[in-house]
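Architecture and fold: a report
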Amino acid sequence: MKAPLGKRKKQNAKVLEVYGKVAKLRFADTNIGWALLKEIEPQGAVSHPPKEDTCGAAVGDRVQARWSTAITLTNGTVDEVYGKLAHIQFDDRDVDWAVCADLKPIAESEGDEGGDTGSGVSAAVTKCKRACNSNCKGVRNKSKCVGECRRSCG
């Protein structure tokens, strides 16, 4: 099947879990992310999330979340809450769904200081690491290339 990861174009993926209107996917490049079922080809069946699932975050909250398989937390803003998931608009303008229990709140003063992720990692380093999958596209040993690329980001 094909599905988008964040704002990237659609790519091959395998469904790991379906949750209401979204599915957790493992992409061919080893990234893991959530996508709306209506954006997946072929489209999956939509259902409602369990009523007991809630989220401690609300639309507009500033949070830190992991994008895909990233180790570091990245600053962003919640723009939708759906059961146990929150859709995050990251400060670098990428998007992804995150499990609410994994979100960390950030103070507004932190979020306005230029993209520090709270773990001492700059927004530029995070952006560099996210670009590694694309930079290593088509190489013979992609995992080695991505690892070396991410280490070189700082």
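As a starting point, this report considers the structure included with it. (Residues numbered from 1 in each chain as written. Predicted model: local features only at pLDDT ≥ 70, side-chain atom pairs only at ≥ 80, totals over all residues. Heavy atoms only, no water.)

Nonpolar side chains collect at one region of the surface, where Met1, Val15 and Val18 lie side by side and expose about 230 Å² of accessible area between them. Residue placement: Val18 occurs in strand 2 (residues 11–19). (Patch = residues over 30% accessible without salt bridge, like charges linked within 9 Å, V, L, I, M, F, W, Y side chains within 5 Å. Areas by Shrake-Rupley, 256 points an atom, 1.4 Å probe, with all protein chains shown as cover. Salt bridge = Lys/Arg side-chain N within 4 Å of Asp/Glu carboxyl O. Helix = DSSP H or I, 4+ residues; strand = E, 2+ residues; numbered from the N terminus.)

The antiparallel open sheet is built from four strands, whose spatial order is 1-2-3-4. Looking at which strands have only one partner, the edges of the open sheet turn out to be strand 1 (2–3) and strand 4 (32–36). Two elements, strand 3 (residues 22–27) and strand 4, share five bridges in a ladder whose sense is antiparallel. Looking at strand 4, one finds that Leu25 is bridged to Gly33. (Pairing = 2+ DSSP bridges.)

Attention shifts here to the pattern of salt bridges. Once the charged atoms of two side chains with opposite charge are near each other, the side chains can pair. Under the definition given, this model contains five salt bridges. With a closest N to O distance of 2.9 Å, Glu41 and Lys10 form a salt bridge. Remark: Lys10 occurs in the loop between strand 1 and strand 2 and Glu41 occurs in the loop between strand 4 and strand 5 (62–65); sequence separation between them is 31 residues. Judged by relative accessible area, which is 32%, Lys10 ranks as partly exposed. (Buried < 20%, exposed > 50% of the residue type's maximum accessible area, 1.4 Å probe, protein only.)

Of the voids in this model, the largest pocket is the one considered here, and its volume is about 300 Å³. Surrounding the largest pocket, Lys2, Arg8, Lys9, Lys10, Gln11, Asn12, Ala28, Asp29, Asn133, Ser134, Lys137 and Lys142 form its lining. Those elements that place two or more of their residues in the lining of the largest pocket are strand 2 and helix 2 (123–135). A per-class count over the lining of the largest pocket returns one nonpolar, four polar and seven charged. Together, 14 residues line the second largest pocket, and Trp34, Arg66, Ser68, Val99 and Asp102 are the ones closest to its centre. (1 Å grid on protein atoms, 1.4 Å probe; cavity = no way out; pocket = protein on both sides within 12 Å on 5 of 7 lines; lining within 4 Å. Points joined across faces, edges and corners; volume = space filled by probe spheres on them. Nonpolar A, V, L, I, M, F, W, Y, C, P; charged D, E, K, R; others polar.)

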